Amino acid sequence: MNSSLFCGFPKALALKLMKGKKTKNVVTDLLFPPEMIIEILSWLPVEFHGRLMLVCKQWYALIQDRHFMEKHMNRAPKLYTYYYIPNVATEPEEYNHVYACDGLYLQKHRVTNKYRIHNPTTKQVLELPDPQKGSHGIVFSYVPSTGSYKFVSVFDKSSTECCEVFSVEHDEFSWRTLNLPTRDFSNRKKKKFSVVSTGDAVHCVRVVGSGAVMVEEVVSLDLGTEQFFVTNIPKGQYKSWKKVWPLNFMGKLALVDRMEEDLCILVLEDYKKQKWGKRKPLIPSASMKILEDEHGTIVPSSFHQPEMLRLWVKDRMFISFNIRTGVEEKTERLGKEGHKLVEVLYPVQHSLARLKGMQPE
């Protein structure tokens with residue numbers, strides 16, 4: 001078959017369908033070339049794929065291929081839902097959402113505090129081993145170099161930050177402790193500690209002490225190599241850390257701040273080379289004033305696209321602001337009786353992603 005037909009698809013992926021053609025499989029022995037079959041299947045809604053996997057061995061292997069899953073996820077519409085702290089007396093839901101990635105949801109049981117992964121699309125679950133207590137947060141993402149999802153928990157132990165990782169495919173179903181780079185923080189007051197995942201790395205923004213002994217740094221864990229990188233935050237950049245919000249900016253750590261009237265951003269361009277970009281305005285003061293005069297105090301929440309910033313008005317609404325055009329594009333007023341709204345957005349993404357050992361719920 002002419003290799004030019006593959007249109008950028010990995011050779012191994014197309015060969016799965018080519019094998020079917022060689023054996024005169026009734027499905028792939030049609031006039032459609034392999035890349036056309038891949039293209040068609042990747043556009044179909046996820047609810048069809050369970051039945052399509054039963055058509056033949058080639059389609060079964062194809063639909064479980066990581067490249068195909070990513071192609072399908074990129075084409076599926078991505079919506080966002082908002083997380084409420086439920087009214088326990090009336091709400092039957094047993095789990096709270098903790099984190100989401102690729103349509104997989106990390107959830108924590110309200111009573112037992114046990115963690116699990118849930119795919120609401122395929123209706124499969126996997127119970128996770130217990131992490132250490134006192135976690136600052138658990139995040140996870142897919143690591144291409146290892147071909148697996150890796151979980152990271154950062155926690156306090158004897159007033160020291162520690163880190164542990166866990167991979168369903170490669171670990172013996174238990175967390176492994178990594179030696180997080182530490183300093184002598186005794187008798188120093190902690191100003192800020194935040195954990196942000198950017199896909200290929202997990203970043204801990206650590207600010208301790210004051211004055212001449214202030215420590216302002218980012219400790220980054222590269223998930224592929226499990227190597228730590230420490231990057232100093234430019235000295236004197238921030239007068240107060242109460243108005244600095246660490247966010248994921250399109251796969252990079254960003255510090256969004258409101259030191260003056262403007263909303264500004266500083267991006268860690270390369271954590272391995274300890275390289276920062278230039279701090280620059282996101283939303284000028286005039287636009288910030290208009291927004292807050294109409295809606296009240298706002299804080300940055302997340303980046304939906306490079307030019308789209310979601311802003312949060314506590315317990316009231318999310319605002320989608322286009323940084324490029326300087327226009328407020330969408331305001332979502334929220335409310336749910338008997339519930340408290342918290343500042344968390346979760347992508348609702350239909351996905352075929354699964355972890356080894358997942359079972360029907």
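Scroll up to find the structure.
Please read these numbers as outputs of a predicted model, since none were measured by experiment. Along each chain, residues carry numbers from 1 onward, in the same order as the chain's sequence is written. Only residues with pLDDT of 70 or above have their local features reported here, since the model is predicted, and side-chain atom pairs are shown and tallied only from 80 upward, although totals for entire chains, interfaces and linings are computed over all residues. The side-chain numbers reported here are obtained from all heavy atoms of the structure, hydrogens and water having been left aside.

As a further point, take the nonpolar core. What we call a nonpolar core is a set of buried Ala, Val, Leu, Ile, Met, Phe, Trp, Tyr and Cys residues that are connected through their side-chain atoms within 4.5 Å. Burial classes: relative accessible area under 20% of the type maximum marks a residue as buried, over 50% as exposed, and values in between as partly exposed (1.4 Å probe, protein chains only). Counting residues in hydrophobic clusters, the biggest one holds 22 residues, and the most contacted among them are Leu263, Ile283 and Leu311. Of all elements in the fold, only β14 (244-248), β15 (253-257), β16 (263-270), β18 (280-283), α6 (285-295), β19 (299-305), β20 (308-313) and β21 (317-322) reach the threshold of two or more residues within this core. Working rule for contacts: check all heavy atoms of both residues, and any pair within 4.5 Å makes them a contact. In this view, Leu263 contacts Trp245, Val256, Asp257, Arg258, Pro281, Leu282, Ile283, Met288, Pro300, Leu309 and Leu311; residues no more than four positions away in its chain are not counted. Only runs of H or I of at least four residues qualify as helices and only runs of E of at least two qualify as strands under DSSP, and these elements are numbered from the N terminus.

This brings us to the packing of helix α2 (residues 34-43) against helix α5 (residues 66-75). Interaxial distance between α2 and α5 falls to 8 Å at its minimum, and their mutual angle equals 50°. Regarding the angle of α2 to α5, the classification is oblique. Crossing geometry of α2 relative to α5 is assigned as right-handed. Across from Ile38, Glu39, Leu41, Ser42 and Trp43 in α2, the residues of α5 making contact are Phe68, Lys71, His72 and Arg75. Each residue is assigned to one class: nonpolar for Ala, Val, Leu, Ile, Met, Phe, Trp, Tyr, Cys and Pro, charged for Asp, Glu, Lys and Arg, and polar for all the others, Gly among them. Along the lines of polarity and charge, the residues of the contact of α2 with α5 split into 4 nonpolar, 2 polar and 3 charged. Whenever a helix is involved, its axis is fitted only over the stretch in contact; in every case the axis is a line through C-alpha atoms, and angles between N-to-C directions fall within 0 to 180 degrees. Comment on the angle field: the value is read as roughly parallel under 35 degrees, roughly antiparallel over 145, roughly perpendicular from 65 to 115, and oblique elsewhere. Should the near helix be turned anticlockwise from the far one by less than a right angle, the crossing is left-handed, and should it be turned clockwise, the crossing is right-handed.

Next up on the list: the pairing of strand β8 (residues 160-167). Two faces make up the sheet, and in a regular strand the side chains alternate between them. Within β8, 7 of the 8 residues are buried, which leaves the element mostly enclosed by the surrounding structure. Two strands are counted as paired when DSSP detects at least two bridges linking them. Here strand β7 (residues 148-157) runs beside β8; their pairing, made up of 8 bridges, is antiparallel. Within β8, the position partnered with Lys157 by the bridge is Thr160. Here β7 folds back onto β8, and the loop between the two strands holds 2 residues, one of which, Ser158, carries a positive phi near 55°. In terms of strand pairing, β8 meets strand β9 (residues 176-178) through 3 bridges, oriented antiparallel. Opposite Glu164, over in β9, you have Thr177 as the bridge partner.

Glancing now at the state of the cysteines. Here, disulfide denotes a covalent bond that connects the sulfur atoms of two cysteines. To count as a disulfide, a pair of cysteine sulfur atoms needs to be within 2.5 Å. Under the definition given, this model contains 0 disulfides. Note on Cys162: no disulfide assigned, nearest cysteine sulfur contributed by Cys163 at a separation of 8.8 Å. In this structure Cys204 is not part of a disulfide, and its nearest cysteine sulfur, from Cys163, lies 6.6 Å away.

Our next topic: α2. Along α2, the residues classified as buried are Pro34, Glu35, Ile37, Ile38, Leu41 and Ser42. Angular distribution of buried residues about the axis of α2 spans 155°; they occupy a single face of the element. Read the arc as the range of directions from the helix axis to the C-beta atoms.

To continue, consider the packing of aromatic side chains. Between the rings of Phe, Tyr and Trp (Trp by its six-membered ring), a pair exists once the centres lie within 6.5 Å; its type follows the angle of the planes, with under 30 degrees stacked, over 60 edge-to-face, and the other angles tilted. By the definition in use, this model includes 10 aromatic pairs. When the centroid spacing of 5.7 Å and the interplanar angle of 70° are considered together, the rings of Tyr99 and Phe140 count as edge-to-face. Placement of Tyr99 in strand β2 (residues 95-101) and of Phe140 in strand β6 (residues 135-143) is noted, with a sequence separation of 41 residues between them. For the pair Phe229 and Tyr271, a centre-to-centre distance of 5.7 Å together with 70° between the ring planes defines the contact as edge-to-face. Highlighted residues: Phe229 in strand β13 (residues 227-232) and Tyr271 in the loop between β16 and β17 (275-276), separated in sequence by 42 residues. A residue is classified by how much of its surface remains accessible, and Tyr271, at 9% relative accessible area, is buried. A connected cluster of aromatic rings, assembled from ring pairs, spans Tyr99, Phe140, Tyr142, Tyr149, Phe151, Phe166, Phe173 and Trp175. Across from the ring centre of Tyr95, 3.8 Å away, lies the NZ or CZ of Arg116, which sits over that ring. Criterion for a charge above a ring: Lys NZ or Arg CZ within 6 Å of the ring centre, and within 35 degrees of the ring normal.

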